[in-house]
Number of protein chains: 2
Amino acid sequence: MQIKKFPKKILTRIPPYTIKKPRGTRDFSPREMEKREYVEDSIIGVIESYSYRKILTPTFEHAELFQLKSGKEIEEHMYVFEDKSGRRLSLRPEATASVCRMFAEELRGSRLPLKLYYSCPMFRYERPQMGRYREFWQLGIELIGPKGPESDAEVIAIAYKSLKKLGLKFQLEIGHLGILRGLMDALDVDEEIQNMVIASIDRGDLKNLKKLIDKQILFDLMGIKGDKGIIEQADNLLDKYPEARKSVNELREVIHWLDLMNVEYKIDLGIARGLEYYTGTVFEIRVPGLGAQDQICGGGRYDDLIELFSGVKVPAVGFAFGFDRIMKAIDLQEIKIPRKVTDVVIAPVSDTVREEAVKIASQLRDELSVDMDLMNRKLEKILEYAGDIGARYTIIVGPEDLKKREVTIRNMESGKQKRIRIENLREEMIK
Amino acid sequence: MQIKKFPKKILTRIPPYTIKKPRGTRDFSPREMEKREYVEDSIIGVIESYSYRKILTPTFEHAELFQLKSGKEIEEHMYVFEDKSGRRLSLRPEATASVCRMFAEELRGSRLPLKLYYSCPMFRYERPQMGRYREFWQLGIELIGPKGPESDAEVIAIAYKSLKKLGLKFQLEIGHLGILRGLMDALDVDEEIQNMVIASIDRGDLKNLKKLIDKQILFDLMGIKGDKGIIEQADNLLDKYPEARKSVNELREVIHWLDLMNVEYKIDLGIARGLEYYTGTVFEIRVPGLGAQDQICGGGRYDDLIELFSGVKVPAVGFAFGFDRIMKAIDLQEIKIPRKVTDVVIAPVSDTVREEAVKIASQLRDELSVDMDLMNRKLEKILEYAGDIGARYTIIVGPEDLKKREVTIRNMESGKQKRIRIENLREEMIK
């Protein structure tokens with residue numbers, strides 16, 4: 001990577017320099033951040049109630065990490081660059097490969113299971129459109145170690161309960177890639193073609209799919225969607241394919257656990273997922289009405305990926321929320337998110353009382369969020385500002401009141417004012 | 001940017017693929033993340049008590065944004081890359097330029113002051129060494145709008161109180177670039193040379209400094225360091241330079257407010273700061289014993305930067321904590337950080353009781369963090385695991401107990417066990 005000097009033409013331009021944020025990226029205002037953090041905290045609350053713990057991997061990795069198994073769809077949209085030593089790096093386009101690399105490099109000695117979660121930005125160079133950004137956030141979990149259907153069910157239940165707690169309406173659909181792959185194995189389809197088939201199904205590209213494979217049973221299988229009873233159709237369809245039926249059985253067990261956990265779902269054997277590393281149970285969550293980008297969660301079991309990096313076979317299952325789409329769904333469904341308010345704005349009415357006002361602010365800050373006027377404005381303007389930022393109270397500090405060691409508290413909602421002795425202020429405000 | 005295909009040589013290599021994290025980056029384990037989040041939350045608690053609110057800007061920006069005023073030191077170490085449309089982008093090497101860009105692009109209509117903070121990774125391509133990483137975190141605030149010494153003092157007080165609350169021992173030093181610049185203006189030093197002088201002072205490069213400027217008074221001024229009384233020396237030294245003395249007066253006022261806010265500090269007129277955009281009060285915080293990278297905070301007033309992007313003169317002052325160095329200081333000073341523990345591990349002793357165990361786990365998760373064994377392990381192994389992750393209790397679910405609708409609770413610290421009816425479990429555990 002060579003850093004070119006800043007072009008002279010621009011440097012000699014006259015300020016102001018109109019520099020915009022890069023296309024497909026966003027700034028988040030205080031109000032947006034407060035909403036995002038509320039939603040993030042709510043989801044993390046559920047995840048932590050299952051004893052998962054947060055980790056973080058680097059924002060960029062060696063590019064080859066993601067080229068091995070994340071799939072063509074992702075590889076084509078990576079932000080790849082070379083550093084000054086000629087290393088080929090890529091901004092993280094997804095997190096699971098990084099978590100597996102971290103496991104191989106640093107956590108392989110840990111006692112299993114590892115219950116991990118992350119929440120950080122991802123980067124893909126795609127055409128920006130509604131609900132799709134070049135820098136976007138994912139919040140996801142990875143359960144490393146356990147193998148059984150019960151662990152698949154736990155992971156799905158965490159996704160489900162996180163969204164329920166937010167009050168969202170959504171649809172959870174569950175499938176199993178072992179069924180598709182088991183069938184294709186039996187049909188002697190080689191792995192590279194299998195990956196292409198699965199990618200085509202994921203894109204909904206039936207035309208290409210028909211070119212790749214010409215077996216009606218595959219299309220019949222893909223069409224199995226509905227309530228849990230529909231799983232028997234798969235069993236009947238696959239009566240000559242015992243390997244694929246094993247996976248049907250596994251799916252049946254996952255569903256048994258989900259029922260016990262009070263999780264509502266549909267079956268969809270046409271779920272394929274774009275990432276190449278999934279091996280078993282897969283699931284997707286959609287919010288109707290979100291448009292083309294209506295999938296807010298995707299996940300599944302990937303039992304071979306960790307072995308690829310560590311040489312040790314360690315099964316794993318996880319999911320990622322598309323955090324920006326969850327935020328969009330919350331707006332769409334008009335779910336109210338409480339405002340984080342400033343408790344008190346302190347308004348000194350003249351310069352002579354500013355020192356006393358600063359002392360009052362200090363006293364209250366152990367318990368409250370206190371905004372001291374720093375613009376030397378008139379009371380009227382400070383009250384306007386306090387209203388703008390949604391402050392609960394304004395404390396008016398005036399020279400006459402101060403002589404009696406008093407201040408005036410104004411309730412910003414009701415407009416009511418009362419005088420109070422400074423020594424009682426803290427108690428009055430935090431009650 | 002052209003994405004080259006993955007080299008064939010590596011793709012045909014036999015797994016496992018040993019891929020490491022890029023040099024100068026880190027993975028954060030659950031325990032490290034928990035410590036980092038504890039410290040971050042503690043600092044944010046102080047910042048929010050002053051009514052500052054969180055924002056976030058993109059991870060990368062158009063490279064020119066940082067080339068305008070962040071200074072040569074930063075420009076030389078930027079991660080610059082081109083995207084597929086040939087845009088020259090840079091990973092964010094510092095946040096203040098981004099915040100000013102965001103202000104110009106999106107917040108210029110806001111009522112002032114804006115009290116903002118951010119906490120996110122920065123990227124600089126430097127030789128990694130102790131306490132210096134290529135991806136590192138900054139947590140900082142920007143106060144946009146107010147001009148007076150009182151606002152400088154508020155910003156300094158927030159940095160000071162954030163670190164005090166953590167129990168850290170540190171040194172806060174305050175200077176004023178208006179003094180240096182006022183003197184150089186009077187000596188007719190042009191702005192480009194002034195910036196080079198300031199950069200040389202910041203690097204401690206006296207040799208270069210002497211080449212740039214040959215005035216003893218500048219060196220005398222730089223040498224003024226000590227308690228607040230020392231400020232009178234500057235006044236005497238600068239008696240022929242009224243512009244520079246104005247800044248001495250301003251510094252005196254800042255100090256007056258700091259005294260009122262119970263902030264302890266030293267004066268150091270040799271503080272220059274590497275970033276070119278500072279115009280007034282500047283300050284640095286160091287932790288003795290941290291080695292070459294002992295500065296954990298730096299900040300100051302930058303009254304011209306926002307105008308550069310927005311065309312509107314808006315004064316501002318802020319600081320950034322070097323978050324990784326704060327974490328290092330906490331380790332060095334052996335400050336204890338509480339562990340975030342799992343409350344309960346549920347141990348089903350046989351397959352027949354697993355369903356009941358899952359139901360018990362569900363019941364407790366509204367209030368507690370509950371880890372359900374998913375590895376089908378023997379009780380002994382589950383107890384080892386519970387000890388490893390620091391769980392407070394293990395709830396042992398056995399078939400005999402279950403017949404009486406009971407389970408056994410084991411206190412993991414004392415090793416004491418007791419039996420309890422399932423209907424009373426929730427109450428017992430959350431008391």
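Because the structure is a prediction, the values reported are computed rather than measured. (Residues numbered from 1 in each chain as written. Chains lettered and ligands numbered in written order. Predicted model: local features only at pLDDT ≥ 70, side-chain atom pairs only at ≥ 80, totals over all residues. Heavy atoms only, no water.)

In this section: the environment of Gly387(B). With respect to the element layout, Gly387(B) can be found in helix 16 (residues 379–388). For Gly387(B) and Asp235(B), which are 152 residues apart along the polypeptide, the C-alpha to C-alpha distance reads 64 Å. (Helix = DSSP H or I, 4+ residues; strand = E, 2+ residues; numbered from the N terminus.)

Residues and elements named next belong to chain A. Contact geometry of helix 6 (residues 149–166) with helix 12 (residues 242–260) gives a least axis separation of 8 Å together with a crossing angle of 50°. Compared by their axis directions, helix 6 and helix 12 come out oblique. Helix 12 is crossed by helix 6, and the crossing has right-handed handedness. Where helix 6 abuts helix 12, its residues Pro149, Glu150, Asp152, Ala153, Ile156 and Ala157 lie against Glu250, Glu253, Val254, Trp257 and Leu258. (Axes fitted to C-alpha atoms, helices over the stretch in contact; angles between N-to-C directions. Parallel < 35°, antiparallel > 145°, perpendicular 65-115°, else oblique. Left-handed = near helix turned anticlockwise from the far one by under 90°. Contact = heavy atoms within 4.5 Å.)

Residue and element names in this part refer to chain B. Pairing within the open sheet is mixed, and its nine strands lie in the order 1-5-6-12-11-10-7-9-8. Each edge of the open sheet is held by one strand with a lone partner, namely strand 1 (53–54) and strand 8 (225–226). Here strand 11 (residues 295–301) runs beside strand 12 (residues 316–322); their pairing, made up of five bridges, is antiparallel. In the sheet register, Cys297 faces strand 12, and the bridge partner there is Phe321. Helix 5 (residues 96–107) rests against strand 5 (114–123) and strand 6 (135–144) of the sheet, and its axis sits at about 130° to strand 5. (Pairing = 2+ DSSP bridges.)

What follows deals with the sheet that holds strand 4 (residues 88–91) of chain B. Residue and element names in this part refer to chain B. Read across the open sheet, the three strands follow the order 2-4-3; overall the sheet is antiparallel. With partners counted over all chains shown, the strands left at the sheet margins are strand 2 (60–62) and strand 3 (80–82), one partner each. Neighbour-to-neighbour, the strand axes of this sheet turn through a mean angle of 35°, independent of strand direction. Bridging between strand 2 and strand 4 involves three bridges; their strand directions are antiparallel. Residue pairing for strand 4: His62 is matched across the bridge by Leu89.

Right, let's get into the nonpolar core. Within the largest apolar cluster, 278 residues are counted, with the highest numbers of intra-cluster contacts made by Ile144(A), Ile326(A), Ile346(A), Ile144(B), Ile326(B) and Ile346(B). The residues touching Ile346(A), leaving out its near neighbours within four places in the chain, are Ala357(A), Ile360(A), Ala361(A), Val370(A), Asp371(A), Met372(A), Asp373(A), Ile395(A) and Val397(A). Counting residues in hydrophobic clusters, the runner-up holds 14 residues, among them Phe81(A), Phe60(B), Tyr79(B) and Phe123(B). (Core = buried A, V, L, I, M, F, W, Y, C linked by side-chain atoms within 4.5 Å. Buried < 20%, exposed > 50% of the residue type's maximum accessible area, 1.4 Å probe, protein only.)

For the rest of this paragraph, the subject is the relation of the copies chain A and chain B. In the superposition of chain A on chain B (RMSD 0.0 Å, axial shift 0.0 Å), the rotation amounts to 180°. Each copy turns onto its partner about a two-fold axis. It is Phe81(A) whose C-alpha, among those of chain A, lies nearest the rotation axis, at 3.0 Å. A share of 100% of interface residues in chain A that are also interface residues in chain B marks the association as one of identical surfaces. (Least-squares fit on C-alpha atoms with pLDDT ≥ 70 in both.)

This part is about the environment of Gly71(A). Relative to the assigned elements, Gly71(A) resides in the loop between helix 3 (64–69) and helix 4 (72–75). Each C-alpha atom, one on Gly71(A) and one on Met196(A), is 9.6 Å from the other, the two residues being 125 residues apart in sequence.

For the rest of this paragraph, the subject is the pairing of strand 4 (residues 88–91) of chain A. Residues and elements named next belong to chain A. Strand direction decides the pairing type here: strand 3 (residues 80–82) and strand 4, joined by three bridges, are antiparallel. Each bridged residue has a counterpart across the sheet, and for Phe81 the counterpart in strand 4 is Leu89. Hairpin remark: strand 3 followed by strand 4, antiparallel, with five residues in the connecting loop; positive phi at Gly86, about 80°.

Our focus in this paragraph is the packing of aromatic side chains. On inspection of all chains with the given rule, the structure shows 23 aromatic pairs over all chains. Seen from their ring centres, Phe81(A) and Tyr79(B) are 6.2 Å apart, and the 80° between their planes marks the pair as edge-to-face. Placement of the pair is Phe81(A) in strand 3 and Tyr79(B) in the loop between helix 4 (72–75) and strand 3, with the two residues belonging to separate chains. Members of the aromatic cluster, each reached through a chain of ring pairs, are Phe60(A), Tyr79(A), Phe81(A), Phe123(A), Tyr125(A), Phe60(B), Tyr79(B), Phe81(B), Phe123(B) and Tyr125(B). The aromatic ring of Tyr125(A) is capped on one face by Arg134(A), whose charged end is 4.1 Å from the ring centroid. We note Arg36(B) situated over the ring of Trp137(B); from NZ or CZ to the ring centre the distance is 5.2 Å. (Phe/Tyr/Trp six-rings, centres within 6.5 Å; stacked < 30°, edge-to-face > 60°. Lys NZ or Arg CZ within 6 Å of the ring centre and 35° of its normal.)

Opposite the 111 residues of chain A that make contact, chain B presents 111 residues. For the pair chain A and chain B, the two sides together bury roughly 10,100 Å², of which 57% comes from carbon and sulfur. At the surface where chain A touches chain B, the tally comes to 20 salt bridges. A salt bridge links Asp371(B) to Lys115(A); its shortest N-O distance comes to 2.7 Å. Taken together, the links from chain A to chain B amount to 46 residue pairs in polar contact (both at pLDDT 80 or more). Residue contributions to the side of chain A that touches chain B peak at seven residues, all from helix 2 (residues 30–49) of chain A. In terms of residue class, the side of chain A that touches chain B is built from 49 nonpolar, 17 polar and 45 charged. (Buried area = accessible area lost by both parts, 1.4 Å probe. Salt bridge = Lys/Arg side-chain N within 4 Å of Asp/Glu carboxyl O. Polar contact = N/O pair within 3.5 Å; in protein donor to acceptor, adjacent residues only side chain to side chain. Nonpolar A, V, L, I, M, F, W, Y, C, P; charged D, E, K, R; others polar.)

Quick look at the pattern of salt bridges now. All told, the structure shown has 84 salt bridges over all chains when counted by the stated rule. Of the charged contacts, one joins Lys115(B) and Glu154(B) as a salt bridge, the two residues approaching to 3.6 Å between their closest N and O atoms. Separated by 39 residues along the polypeptide, Lys115(B) in strand 5 and Glu154(B) in helix 6 (residues 149–166) bring together distant segments of the chain. Residue classification places Lys115(B) among the buried residues on the basis of a relative accessible area of 4%. A salt bridge links Arg301(B) to Asp303(B), with the shortest nitrogen-to-oxygen separation between them at 2.8 Å. For Asp303(B), a relative accessible area of 7% corresponds to the buried category. The network of salt bridges with common partners includes Lys21(A), Asp27(A), Glu61(B), Arg101(B), Glu105(B) and Glu106(B).

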